[in-house]
Amino acid sequence: MGEAGRYMYAISRWVDPAELAELRGLGGAEVQAVEHEGLLAIVSTVGLDEFGEDELSEHLQDLDWLDTVARTHHEVVSGVASRAPTAPLRLATVCMDDASVRSRLARWAPDLRQVLDRVAGRAEWSVKVFAGPIPEPVPAAREVSTAPGSGAAYLARRKAHVDRLKGAAEQAATAADDVHDELTRHATAARRLALQDGRLTGEEATMTLNAAYLVDSSASDEFRAATQALRDRHPDERVDLTGPWPAYSFAAMDET
Amino acid sequence: MSERTSESLLARNQGSAVPAAPQPANLADILERVLDKGIVIAGDIRVNLLDIELLTIKIRLLVASVERAQEMGIDWWRRDPMLTDGRQDLAEENERLRERLESLESTDG
């Protein structure tokens, strides 16, 4: 490894170095903590031949590279979050050395403490809702018929199909809103995320809700139960629940 | 390290930590969080992840490019009535109505 930098995974408090040693960072590197006045930056050493400015922008276009780095980043963040209040950092935050890492902790200390206070004792839950099957489209009748009867029949078919599609879309949207409203009541904070494309997720059903909820650890059973109740209330939709996640979606510093 | 770390973390933070996720997370879920969420602190290495939206990644990495996607006929976002709010259907319907009207007028005349 030529020139090296310090890759920052997360900000935390009070993590036992022995427990950090159980985690493996990017390229199998040792995971360490850099401390400044009670704040810990969770870091590991990376080569700038891979994480330099030019190299990074190139690598970020490579799904295999991104897959590995994103998963490792997530595993380290999860590993720390399972042990202490943790604020994840966005992917690819790289400093030149520990002094530079400490200067970030010093500069952002009040904001970082605020984020840690917000996520402490809480976890993020991910909920996705998928609509039931979309009504089959009427077979495309491309040929133009001049016979009045078939034209009228076509229009009727067409209208019926459009109505069915609109009805299905409205029902799916209403169900998604209901799930989100109900779960928001069981969470400290809630966020709707962008809907995911089926080509990335491999899902055939249409996603109608992709949301994250910040939930007190003591209320996670209640949150699970609320999700189950919503499944019963909306039998046509599929409601997926995953978690607990580190509080990625609630770690932004500019929030109150 | 301060002396705080010498105490057992699990003892002092009982209930405040996140248990490890039991199920493996899928790539889309991880990407949307590690690329788009989390604390943003500028490091010494400058990289603007805001330029890299998930859609861009999907299109670029899975179908090469928008142009290529259209060549391959992957343009569901233009055709899907769920997404276009039935506008295309309405246009087609109008077209059919015009044809129907013309055919009725020619029959009468």
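Treat the numbers as computed from the prediction; the structure is a model and nothing was measured. (Residues numbered from 1 in each chain as written. Chains lettered and ligands numbered in written order. Predicted model: local features only at pLDDT ≥ 70, side-chain atom pairs only at ≥ 80, totals over all residues. Heavy atoms only, no water.)

**Observations regarding the side chain of B:Arg33**
Condition: In this description a helix means any DSSP run of H or I spanning at least four residues, a strand means any run of E spanning at least two, and both kinds are numbered starting from the N terminus. For each residue, the accessible area found with a 1.4 Å probe, counting protein chains only, is set against the maximum for its type, and the residue is called buried under 20%, exposed over 50%, and partly exposed in between. A contact between two residues is defined here by any heavy atoms of the two lying within 4.5 Å.
Mapped onto the secondary structure, B:Arg33 falls in helix H2 (residues 27-36). The class for B:Arg33 is buried, based on a relative accessible area of 0%. Look past the residues within four positions of B:Arg33 in its chain and what remains in contact with it is A:Glu124, A:Ser126, A:Leu193, A:Ala212, A:Trp245, A:Tyr248, A:Ser249 and B:Gly38.

**Quick notes on the pattern of salt bridges**
To be explicit about the condition: Salt bridges are identified by distance alone: a Lys or Arg side-chain nitrogen within 4 Å of an Asp or Glu carboxyl oxygen.
By the definition in use, this model includes 18 salt bridges over all chains. Between A:Lys128 and B:Asp29 there is a salt bridge whose closest N-O contact spans 2.6 Å. With A:Lys128 in strand S5 (residues 122-130) and B:Asp29 in helix H2, the pair connects residues from two separate chains. Note on accessibility: A:Lys128 and B:Asp29 belong to one class, buried. Salt-bridge contacts for A:Arg192 lead to A:Asp177; the nearest nitrogen and oxygen are separated by 3.0 Å. Of this pair, A:Arg192 sits in strand S6 (residues 189-192) while A:Asp177 sits in helix H6 (residues 148-185), and the two are 15 residues apart along the sequence. Sharing partners across several salt bridges, the network here consists of A:Asp178, A:Glu182, A:Arg185 and A:Arg233.

**Points about the sheet that holds S6(A)**
Residues and elements named next belong to chain A. The criterion, for reference: One requirement defines pairing of two strands: DSSP has to find at least two bridges between them. The angle between two axes is taken between their N-to-C directions and runs from 0 to 180 degrees, where each axis is a line fitted to C-alpha atoms and a helix contributes only its stretch in contact.
Spatially, the four strands line up as an open sheet ordered S6-S7-S5-S8, and their pairing is antiparallel. At either margin of the open sheet sits one strand with a lone partner, and together these are S6 and strand S8 (238-245). Neighbour to neighbour, the strand axes of the sheet diverge by 20 degrees on average, direction disregarded. Across nine bridges, the pairing between S5 and strand S7 (residues 207-216) is antiparallel. Bridge pairing links Val127 to Ala211 in S7.

Bear in mind that shape data such as this cannot, by itself, settle questions of function.
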